[in-house]
Amino acid sequence: MKEHKEKEVEKIKDEAPLSLMATLMKDAPNSPEVDTLVEGPVLGVEKSCVYVNLAPFGTGIIFGSEFINARDVIKKLNIGDIITAKVVDKENEDGYIELSLKEARQAIIWSEAEEAIKSKKALELPIKDANKGGLIIEWQGIQGFLPASQLKTEHYPRIEDGDKDKILVELKKLIGKRIAVTIISASPKEGKLIFSEKEQGVKEKREISGKYSVGDELEGTISGLVDFGVFVKLEDGIEGLVHISEIGWGLVEDPRKLFKLNEKVRVKAIEIKDGKISLSLKALKDNPWKDAEKRYKKGAQVTGVVIKFNHYGALVSLEEGIAGLVHVSEFGSEEKLRKVLELGKTYSFTITLFEPKEQKMTLSPIEKKA
């Protein structure tokens, strides 16, 4: 019976039509390497294996765990069907080229993902789930992640106090909806896809580039408050971002404490790139460092308020937009520095470095006792 089956497979193999890929492979000097994709017609489908014609290299076989992993696909196969598979062994002990259908499908999907990234292909996909960081989206059977920072402003949770639990509640409201996204990162080894909703359409990009120019002073309305800045609505469908570094000349740690939603503001366009417009609030105010030389000099004694601690020391504000650093080395340790200087309190200092053009200043406290 087995002998009869082998003859039957050999007969089918001789008579099976060659696909275009198989025809081209006739001229190839070497047999396909492990991990390469091959294509050929099905010679036979049995209870535990599938035979594939890989002429001129020989016969491919899908069996064992590879057969089990692909059984949903295999049950739909007929003799003569052209399939694409991945080589997992160039020649096993029985002389067959071992193949994997599942790995081939995965390789094709990741290849399609790379093409989608290059072409910035728009995909309309359903939102499967949400967590505090963003949304879970599935594409081609692979789950991917869309960070909240990559959401368009109309979908970004507008939570003024930044409460992550409240943000999660808002994100969960999007589950089940379909949104237009692009793939911005694909990692086959880690099985990860990262999506973005921020890619704007050609029409939106033309509207921005045709209507606005760098240097324009504009009126807008606060439409979003986030950790990294403020979104300003310029007109229906067009928003710009004031990054936290462009809000003011002084230290800004939480934009939510400075603005309210729907508040009207005047901004300046500082960059227009890839259909996105970057805005500034501080560009409409005089830079306090511009004439700082008239008020400060190295060696002068000044008073200032401690506004922030970091690993380098303490940041001290002398006036709005002018701050100097008290380096931790002045005290020997960060712990001692924090014992002497308290956040929000005013102290006397000596200016030890003053470079107004570089907007740099260092200070030394006149009183260092703990």
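Residues numbered from 1 in each chain as written. Predicted model: local features only at pLDDT ≥ 70, side-chain atom pairs only at ≥ 80, totals over all residues. Heavy atoms only, no water.

**Q** What is the right way to read the sheet that holds strand β12 (residues 229-235) from this model?
**A** Adjacent strands of a sheet pair through backbone hydrogen bonds, lying either parallel or antiparallel. Taken in spatial order, the 5 strands of this closed barrel run β11-β12-β13-β15-β14, and their pairing is mixed. Across the sheet, the axes of successive neighbouring strands diverge by a mean angle of 50°, strand direction being ignored. Examined bridge by bridge, strand β14 (residues 264-273) and strand β15 (residues 276-280) share 5 bridges and lie antiparallel to one another. In the sheet register, Lys273 faces β15, and the bridge partner there is Lys276. (Pairing = 2+ DSSP bridges. Helix = DSSP H or I, 4+ residues; strand = E, 2+ residues; numbered from the N terminus. Axes fitted to C-alpha atoms, helices over the stretch in contact; angles between N-to-C directions.)

**Q** Could you clarify how one ought to interpret the environment of Arg256 in this entry?
**A** Looking at where Arg256 falls in the secondary structure, it is placed in the loop between β13 (238-243) and β14. Residues Arg256 and Val226, spaced 30 residues apart in sequence, show a C-alpha to C-alpha distance of 7.3 Å.

**Q** Looking at this structure, I do not really get the sheet that holds strand β5 (residues 97-100). What am I missing?
**A** The 5 strands are arranged β1-β2-β3-β5-β4 in a closed barrel whose pairing can be described as mixed. The average angle at which neighbouring strand axes cross in this sheet is 55°, direction not considered. Both strand β3 (residues 59-63) and β5 contribute to a ladder of 2 bridges, which runs parallel. Within the sheet, the bridge partner assigned to Gly60 lies in β5 and is Ile97.

**Q** Can you walk me through the environment of Lys166 in this structure?
**A** Assignment of secondary structure puts Lys166 in helix α6 (residues 164-172). A relative accessible area of 43% places Lys166 in the partly exposed class. Separated by 34 residues in the primary sequence, Lys166 and Lys132 have C-alpha atoms spaced 9.1 Å apart. (Buried < 20%, exposed > 50% of the residue type's maximum accessible area, 1.4 Å probe, protein only.)

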